[in-house]
Amino acid sequence: MSILQEAVKQIRSHAPSRPKCGIILGSGLGGVVDHLDARTTLAFSQIPGFAASTAGGHRGQLVLGTLAGVWVVAMAGRFHRYENWSTEQITFPVRVMRELGAGTLIVSNAAGGVNPRLAVGDMVLISDHIDWMFGPAQQRFDRWKFDRSSPSDVATPIRDNAWFPQRSRMLYDPELAEIALAAGRKGGFAITEGTYLATLGPNYETRAEYRMMRRMGVDIVGMSTVPEVITAAACGMRVLALSMVSNVARPDSGQATNHEEVLAAGTATAPRMLAIVHATLNHISD
Ligand code: HPA
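Position numbers for residues start from 1 in each chain and track the written sequence from start to end. The model is predicted, so local features are restricted to residues of pLDDT at least 70 and side-chain atom pairs to those at 80 or more, both for listing and for counting; the totals for chains, interfaces and linings are taken over all residues. To obtain the side-chain values, all non-hydrogen atoms of the structure were included, while hydrogens and water were left out.

Caption draft 1: Quick peek at the overall build of the protein chain. Going along the chain from the N terminus, every DSSP run of H or I of four or more residues is numbered as a helix, and every run of E of two or more is numbered as a strand. Along the backbone of the protein chain there are seven helices and nine strands. With 286 residues in all, the protein chain has 56% of them scored as buried. Here, residues are in contact when the closest pair of their heavy atoms is within 4.5 Å. Look at the contacts in the protein chain between residues 6 or more apart in sequence, and 81% of them connect residues 24 or more apart. For every residue, the accessible area (1.4 Å probe, protein chains only) is compared with the maximum for its type, and the residue is labelled buried under 20%, exposed over 50%, or partly exposed between those bounds.

Rendered as C-alpha coordinates:
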(Lines give C-alpha, C1' and ligand atoms only; values in the text may rest on other atoms or scores of the structure.)
Protein backbone atom coordinates (compact mmCIF):
# COMPACT_ATOMS: atom_id res chain seq x y z
CA MET A 1 0.00 0.00 0.00
CA SER A 2 1.36 3.46 -0.88
CA ILE A 3 1.85 6.16 1.73
CA LEU A 4 -1.04 8.04 0.18
CA GLN A 5 -3.36 5.05 0.56
CA GLU A 6 -2.16 4.49 4.12
CA ALA A 7 -2.94 8.11 5.03
CA VAL A 8 -6.41 7.91 3.48
CA LYS A 9 -7.14 4.62 5.24
CA GLN A 10 -6.09 6.04 8.60
CA ILE A 11 -8.22 9.16 8.18
CA ARG A 12 -11.26 7.19 6.98
CA SER A 13 -10.99 4.88 9.99
CA HIS A 14 -11.59 7.96 12.18
CA ALA A 15 -13.96 9.89 9.89
CA PRO A 16 -15.66 7.85 7.16
CA SER A 17 -17.31 10.86 5.46
CA ARG A 18 -16.36 11.93 1.96
CA PRO A 19 -15.31 15.62 2.08
CA LYS A 20 -16.19 17.79 -0.91
CA CYS A 21 -13.74 20.53 -0.12
CA GLY A 22 -10.26 20.81 1.36
CA ILE A 23 -9.29 23.89 3.36
CA ILE A 24 -5.78 24.93 4.36
CA LEU A 25 -5.64 27.53 7.13
CA GLY A 26 -2.49 29.58 7.40
CA SER A 27 -0.89 31.60 10.21
CA GLY A 28 -3.40 32.61 12.85
CA LEU A 29 -6.40 31.39 10.78
CA GLY A 30 -6.67 27.90 12.30
CA GLY A 31 -9.58 28.97 14.55
CA VAL A 32 -11.90 28.55 11.56
CA VAL A 33 -11.98 24.79 12.30
CA ASP A 34 -13.77 25.49 15.60
CA HIS A 35 -16.84 26.31 13.49
CA LEU A 36 -17.04 22.85 11.97
CA ASP A 37 -19.90 20.62 13.15
CA ALA A 38 -19.59 16.86 13.75
CA ARG A 39 -15.84 17.36 14.07
CA THR A 40 -13.18 14.68 14.07
CA THR A 41 -9.69 15.98 14.85
CA LEU A 42 -6.47 14.15 14.04
CA ALA A 43 -3.02 15.39 14.96
CA PHE A 44 -0.71 15.51 11.93
CA SER A 45 1.49 13.04 13.82
CA GLN A 46 -1.31 10.42 13.62
CA ILE A 47 -1.34 10.45 9.82
CA PRO A 48 1.16 8.42 7.77
CA GLY A 49 3.24 10.62 5.47
CA PHE A 50 2.39 13.89 7.23
CA ALA A 51 5.30 16.01 8.37
CA ALA A 52 5.23 17.80 11.76
CA SER A 53 3.99 21.38 12.11
CA THR A 54 6.75 23.49 13.64
CA ALA A 55 5.89 27.10 12.70
CA GLY A 56 4.36 29.29 15.43
CA GLY A 57 0.60 29.88 15.14
CA HIS A 58 -0.01 26.53 13.44
CA ARG A 59 -2.00 23.94 15.41
CA GLY A 60 -0.91 20.90 13.43
CA GLN A 61 -4.34 19.30 13.11
CA LEU A 62 -6.45 17.81 10.37
CA VAL A 63 -10.12 18.36 11.11
CA LEU A 64 -13.05 16.75 9.30
CA GLY A 65 -16.57 18.02 9.77
CA THR A 66 -19.38 19.97 8.18
CA LEU A 67 -19.63 23.66 7.49
CA ALA A 68 -22.71 25.16 5.84
CA GLY A 69 -23.91 21.55 5.59
CA VAL A 70 -20.95 20.49 3.43
CA TRP A 71 -18.35 17.91 4.45
CA VAL A 72 -14.89 19.45 4.52
CA VAL A 73 -11.38 18.39 5.47
CA ALA A 74 -9.40 21.25 6.96
CA MET A 75 -5.77 21.64 7.92
CA ALA A 76 -5.17 23.95 10.86
CA GLY A 77 -1.55 24.68 10.10
CA ARG A 78 0.57 23.71 7.15
CA PHE A 79 4.11 22.78 6.20
CA HIS A 80 6.61 25.21 4.75
CA ARG A 81 9.71 24.86 2.66
CA TYR A 82 11.54 27.05 5.21
CA GLU A 83 11.01 24.34 7.82
CA ASN A 84 13.16 22.21 5.56
CA TRP A 85 10.35 19.97 4.36
CA SER A 86 10.55 19.07 0.69
CA THR A 87 7.96 20.23 -1.83
CA GLU A 88 6.72 16.64 -1.90
CA GLN A 89 6.15 16.70 1.87
CA ILE A 90 4.38 20.07 1.97
CA THR A 91 2.03 19.15 -0.88
CA PHE A 92 1.27 15.62 0.36
CA PRO A 93 -1.81 16.75 2.36
CA VAL A 94 -3.35 18.19 -0.83
CA ARG A 95 -3.04 14.82 -2.51
CA VAL A 96 -4.60 13.21 0.56
CA MET A 97 -7.53 15.67 0.44
CA ARG A 98 -8.04 14.90 -3.23
CA GLU A 99 -7.94 11.18 -2.59
CA LEU A 100 -10.49 11.58 0.24
CA GLY A 101 -12.84 13.07 -2.38
CA ALA A 102 -12.30 16.84 -2.27
CA GLY A 103 -12.77 18.48 -5.67
CA THR A 104 -12.11 22.01 -4.43
CA LEU A 105 -9.28 23.50 -2.39
CA ILE A 106 -9.57 26.72 -0.41
CA VAL A 107 -6.10 27.76 0.63
CA SER A 108 -5.23 30.71 2.84
CA ASN A 109 -2.22 32.43 4.30
CA ALA A 110 -1.03 35.49 6.15
CA ALA A 111 0.95 37.67 3.78
CA GLY A 112 2.81 40.93 3.72
CA GLY A 113 1.14 43.77 1.83
CA VAL A 114 3.51 45.13 -0.80
CA ASN A 115 0.93 47.21 -2.64
CA PRO A 116 0.78 50.45 -0.59
CA ARG A 117 -3.01 50.61 -0.99
CA LEU A 118 -3.39 47.56 1.26
CA ALA A 119 -4.06 47.79 5.01
CA VAL A 120 -3.60 45.25 7.81
CA GLY A 121 -6.65 42.97 7.96
CA ASP A 122 -7.56 43.35 4.27
CA MET A 123 -8.28 40.17 2.36
CA VAL A 124 -6.63 39.61 -1.01
CA LEU A 125 -7.89 37.12 -3.51
CA ILE A 126 -4.88 35.60 -5.24
CA SER A 127 -5.49 35.83 -8.98
CA ASP A 128 -1.94 34.94 -10.05
CA HIS A 129 1.47 34.33 -8.56
CA ILE A 130 5.21 34.56 -9.01
CA ASP A 131 7.02 31.45 -7.79
CA TRP A 132 10.35 32.22 -6.18
CA MET A 133 10.42 28.98 -4.23
CA PHE A 134 11.87 27.27 -7.22
CA GLY A 135 9.54 24.40 -6.49
CA PRO A 136 9.13 22.52 -9.77
CA ALA A 137 12.67 21.26 -10.06
CA GLN A 138 12.65 20.29 -6.41
CA GLN A 139 9.29 18.60 -6.80
CA ARG A 140 10.51 16.56 -9.70
CA PHE A 141 13.62 15.56 -7.82
CA ASP A 142 11.57 14.60 -4.77
CA ARG A 143 9.09 12.64 -6.85
CA TRP A 144 11.91 10.60 -8.26
CA LYS A 145 13.01 9.71 -4.73
CA PHE A 146 9.45 9.22 -3.53
CA ASP A 147 8.47 6.96 -6.40
CA ARG A 148 11.53 4.81 -6.08
CA SER A 149 10.95 4.20 -2.39
CA SER A 150 7.27 3.52 -2.90
CA PRO A 151 6.49 2.53 -6.50
CA SER A 152 2.73 2.43 -6.09
CA ASP A 153 2.67 6.20 -5.49
CA VAL A 154 3.21 6.59 -9.22
CA ALA A 155 -0.47 5.75 -9.55
CA THR A 156 -1.60 8.87 -7.66
CA PRO A 157 -3.63 11.35 -9.72
CA ILE A 158 -0.80 13.85 -10.31
CA ARG A 159 -0.70 14.85 -13.93
CA ASP A 160 2.18 17.32 -13.91
CA ASN A 161 5.06 14.95 -14.30
CA ALA A 162 6.09 16.34 -17.64
CA TRP A 163 9.38 18.20 -17.63
CA PHE A 164 7.75 21.53 -18.40
CA PRO A 165 4.46 21.71 -16.54
CA GLN A 166 2.12 24.31 -18.00
CA ARG A 167 1.76 27.35 -15.75
CA SER A 168 0.12 29.86 -18.09
CA ARG A 169 -3.29 28.22 -17.90
CA MET A 170 -5.67 29.26 -15.17
CA LEU A 171 -4.59 27.84 -11.80
CA TYR A 172 -7.06 29.96 -9.86
CA ASP A 173 -10.75 29.31 -10.48
CA PRO A 174 -12.44 32.49 -11.80
CA GLU A 175 -15.92 31.44 -10.70
CA LEU A 176 -14.86 30.83 -7.08
CA ALA A 177 -13.01 34.15 -7.21
CA GLU A 178 -16.26 35.94 -8.02
CA ILE A 179 -17.96 34.20 -5.09
CA ALA A 180 -15.21 35.39 -2.72
CA LEU A 181 -15.39 38.97 -4.00
CA ALA A 182 -19.17 38.95 -3.58
CA ALA A 183 -18.80 37.60 -0.01
CA GLY A 184 -16.57 40.58 0.78
CA ARG A 185 -19.10 43.04 -0.62
CA LYS A 186 -21.89 41.38 1.33
CA GLY A 187 -19.85 41.25 4.53
CA GLY A 188 -18.72 44.87 4.14
CA PHE A 189 -14.99 44.15 4.21
CA ALA A 190 -12.20 44.97 1.78
CA ILE A 191 -11.18 42.23 -0.62
CA THR A 192 -9.22 42.94 -3.78
CA GLU A 193 -7.51 40.75 -6.36
CA GLY A 194 -3.75 40.56 -6.33
CA THR A 195 -0.53 38.86 -7.39
CA TYR A 196 1.20 36.78 -4.70
CA LEU A 197 4.93 36.34 -4.62
CA ALA A 198 6.08 33.13 -2.91
CA THR A 199 9.52 33.26 -1.33
CA LEU A 200 11.40 30.46 0.35
CA GLY A 201 11.74 32.44 3.62
CA PRO A 202 12.10 32.23 6.55
CA ASN A 203 13.35 35.79 6.57
CA TYR A 204 11.04 38.72 5.99
CA GLU A 205 12.15 41.08 3.26
CA THR A 206 14.79 43.74 3.39
CA ARG A 207 13.63 47.24 2.50
CA ALA A 208 15.38 46.97 -0.85
CA GLU A 209 13.53 43.72 -1.57
CA TYR A 210 10.14 45.23 -0.71
CA ARG A 211 10.91 48.15 -3.07
CA MET A 212 11.92 45.75 -5.84
CA MET A 213 8.77 43.64 -5.37
CA ARG A 214 6.57 46.71 -5.53
CA ARG A 215 8.14 47.69 -8.84
CA MET A 216 7.65 44.15 -10.15
CA GLY A 217 3.89 44.45 -9.68
CA VAL A 218 3.63 42.24 -6.60
CA ASP A 219 0.68 42.96 -4.29
CA ILE A 220 1.41 40.52 -1.46
CA VAL A 221 4.36 38.37 -0.41
CA GLY A 222 4.49 35.20 1.67
CA MET A 223 6.26 31.89 2.19
CA SER A 224 3.62 29.32 1.31
CA THR A 225 0.58 28.42 -0.80
CA VAL A 226 2.09 28.22 -4.31
CA PRO A 227 3.26 24.58 -3.99
CA GLU A 228 -0.17 23.54 -2.69
CA VAL A 229 -1.94 25.43 -5.49
CA ILE A 230 0.22 23.85 -8.19
CA THR A 231 -0.39 20.38 -6.76
CA ALA A 232 -4.14 20.92 -6.39
CA ALA A 233 -4.46 22.15 -9.97
CA ALA A 234 -2.37 19.21 -11.17
CA CYS A 235 -4.77 16.88 -9.34
CA GLY A 236 -7.69 18.52 -11.15
CA MET A 237 -9.01 20.48 -8.16
CA ARG A 238 -10.65 23.89 -8.37
CA VAL A 239 -8.62 26.39 -6.36
CA LEU A 240 -9.56 29.46 -4.35
CA ALA A 241 -6.57 31.15 -2.70
CA LEU A 242 -6.78 33.96 -0.18
CA SER A 243 -4.31 36.08 1.70
CA MET A 244 -4.99 37.99 4.84
CA VAL A 245 -2.77 41.06 5.00
CA SER A 246 -0.91 40.74 8.29
CA ASN A 247 1.53 43.60 7.83
CA VAL A 248 2.16 46.26 5.23
CA ALA A 249 5.66 46.80 3.94
CA ARG A 250 6.86 50.34 4.62
CA PRO A 251 10.33 50.21 3.12
CA ASP A 252 10.88 53.91 3.66
CA SER A 253 9.84 54.05 7.32
CA GLY A 254 12.41 51.68 8.81
CA GLN A 255 9.62 49.71 10.52
CA ALA A 256 10.31 45.96 10.68
CA THR A 257 7.91 43.00 10.30
CA ASN A 258 7.58 40.49 13.15
CA HIS A 259 5.78 37.16 13.59
CA GLU A 260 3.62 38.37 16.51
CA GLU A 261 1.91 41.07 14.44
CA VAL A 262 1.37 38.52 11.66
CA LEU A 263 -0.41 36.14 14.06
CA ALA A 264 -2.50 38.87 15.74
CA ALA A 265 -3.86 40.06 12.39
CA GLY A 266 -4.83 36.48 11.52
CA THR A 267 -6.92 36.05 14.63
CA ALA A 268 -8.75 39.34 13.99
CA THR A 269 -9.49 38.43 10.38
CA ALA A 270 -10.72 34.87 10.92
CA PRO A 271 -14.44 35.91 10.67
CA ARG A 272 -13.81 37.28 7.17
CA MET A 273 -12.14 34.08 6.18
CA LEU A 274 -15.10 32.17 7.56
CA ALA A 275 -17.57 34.30 5.56
CA ILE A 276 -15.72 33.55 2.33
CA VAL A 277 -15.48 29.83 3.11
CA HIS A 278 -19.21 29.75 3.84
CA ALA A 279 -20.09 31.45 0.56
CA THR A 280 -17.84 29.09 -1.38
CA LEU A 281 -19.31 25.99 0.26
CA ASN A 282 -22.86 27.22 -0.41
CA HIS A 283 -21.86 27.57 -4.04
CA ILE A 284 -20.23 24.18 -4.49
CA SER A 285 -23.04 22.35 -2.69
CA ASP A 286 -25.64 23.70 -5.14
N1 HPA B 1 6.99 38.80 3.92
C2 HPA B 1 7.00 37.46 3.70
N3 HPA B 1 6.15 36.63 4.25
C4 HPA B 1 5.21 37.14 5.06
C5 HPA B 1 5.14 38.51 5.33
C6 HPA B 1 6.08 39.39 4.73
O7 HPA B 1 6.08 40.62 4.91
N8 HPA B 1 4.09 38.68 6.18
C9 HPA B 1 3.54 37.45 6.41
N10 HPA B 1 4.22 36.51 5.73
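Okay, back to it.
Caption draft 2: Representation of the packing of helix 2 (residues 87-100) against helix 6 (residues 226-234). Fitted lines through C-alpha atoms give the axes, limited to the stretch in contact for helices. The angle between two N-to-C directions lies from 0 to 180 degrees. Direction vectors running N to C along helix 2 and helix 6 enclose 50 degrees, while the axes themselves pass 9 Å from each other. As far as their axial angle goes, helix 6 and helix 2 are oblique. The handedness of the crossing between helix 2 and helix 6 comes out as right-handed. Where helix 2 abuts helix 6, its residues Thr87, Ile90, Thr91, Val94 and Arg95 lie against Pro227, Glu228, Thr231 and Ala232. Classes in brief: Ala, Val, Leu, Ile, Met, Phe, Trp, Tyr, Cys and Pro nonpolar; Asp, Glu, Lys and Arg charged; the others, Gly included, polar. Taken together, the residues of the contact of helix 2 with helix 6 break down into four nonpolar, three polar and two charged. Angles below 35 degrees are treated as roughly parallel, those above 145 as roughly antiparallel, those between 65 and 115 as roughly perpendicular, and all remaining angles as oblique. Handedness of a helix crossing follows the sense of rotation of the near helix relative to the far helix, less than a right angle counterclockwise being left-handed and clockwise being right-handed.

Caption draft 3: A look at the environment of Glu193. Of note, Glu193 is situated in strand 7 (residues 191-198). In this structure, the C-alpha to C-alpha distance between Glu193 and Leu242, residues 49 residues apart in sequence, is 9.2 Å. Setting aside chain neighbours within four positions, we find Glu193 in contact with Val124, Leu125, Ser127, Leu181 and Asp219.

Caption draft 4: Inspection of the site of the ligand at higher detail. When we say a residue is near a molecule or strand, we mean one of its heavy atoms is within 4 Å of it. Every one of the twelve residues lining the ligand counts as a neighbour, but Gly112, Glu205, Tyr210, Gly222 and Asn247 are closest to it. Two N or O atoms form a polar contact when they lie within 3.5 Å of each other; inside protein one atom must be a possible hydrogen donor and the other a possible acceptor, and for residues adjacent in sequence the pair counts only when both atoms belong to side chains. Between the ligand and Tyr210 there is a distance of 2.6 Å, counted from an oxygen atom to a side-chain nitrogen or oxygen. Contact distances for the ligand include 2.7 Å between a nitrogen atom and a side-chain N or O atom of Asn247. Protein contact buries 96% of the 260 Å² of open area that the ligand shows by itself. Those elements giving two or more residues to the shell around the ligand turn out to be strand 5 (104-113), strand 8 (220-222) and strand 9 (238-248). Among the residues forming the shell around the ligand, the class breakdown is seven nonpolar, four polar and one charged. Accessibility throughout is a Shrake-Rupley quantity obtained with a 1.4 Å probe, and a residue counts as covered only by protein chains that appear here.

Caption draft 5: Examining the nonpolar core more closely. Side-chain atoms within 4.5 Å link the members of a nonpolar core, which is a set of buried Ala, Val, Leu, Ile, Met, Phe, Trp, Tyr and Cys residues. With 47 residues, the main nonpolar core has Phe50, Leu62, Met75, Phe79, Val96, Leu105 and Ile220 as its most contacted residues. Sorting elements by how many residues they give to this core places helix 2 first, with six residues. In contact with Met75, other than residues within four places in its own chain, are Ile23, Ile24, Leu25, Phe44, Phe50, Gln61, Leu62, Pro93 and Met97. Residues Ala76, Ala110, Ala177 and Val277 belong to the second largest nonpolar core, which totals 35 residues.

Caption draft 6: Representation of the pattern of salt bridges within the structure. For salt bridges, the criterion is a side-chain nitrogen of Lys or Arg within 4 Å of an Asp or Glu carboxyl oxygen. Per the stated rule, a full pass over the model turns up six salt bridges. A salt bridge links Arg95 to Glu88, with the nearest nitrogen and oxygen atoms 2.5 Å apart. Assigned by exposure class, Arg95 and Glu88 land together as buried. Among the charged side chains, a network of salt bridges with common partners joins Asp173, Glu175 and Arg238.

Caption draft 7: Region of the structure containing the environment of Arg39. One can find Arg39 in strand 2 (residues 37-43). By relative accessible area, Arg39 is classed as partly exposed at 43%. In the structure, Arg39 is positioned 27 residues away from Thr66 in sequence and 7.4 Å away in space, judged by C-alpha atoms. For Arg39, the side chain forms a polar contact with the main-chain oxygen of Asp34, separated by 2.8 Å.

Caption draft 8: Inspection of the packing of helix 1 (residues 3-14) against helix 2 at higher detail. Put simply, helix 1 and helix 2 touch, their axes get as near as 10 Å, and they point 60 degrees apart. One element, helix 1, and the other, helix 2, form an angle in the oblique class. In the packing of helix 1 onto helix 2, the handedness of the crossing is right-handed. In this structure, helix 1 uses Ile3, Leu4, Ala7, Val8, Ile11 and Arg12 to contact helix 2, whose residues at the interface are Phe92, Arg95, Val96, Glu99 and Leu100.

Caption draft 9: Quick look at the pairing of strand 7. Burial within strand 7 is extensive, with six of its eight residues counted as buried. Both strand 7 and strand 8 contribute to a ladder of three bridges, which runs parallel. Looking across to strand 8, one finds that Tyr196 is bridged to Ile220. A clockwise course of the path from the first strand over the helix to the second, judged with the strands pointing away from the viewer, identifies a crossover as right-handed. One crossover worth recording links strand 7 to the parallel strand 8 by way of helix 5 (residues 207-216), and it is right-handed. Strand pairing follows a simple DSSP-based rule, namely that at least 2 bridges must link the two strands.

Fair warning: the whole summary comes from geometry, so function is off the table for now.
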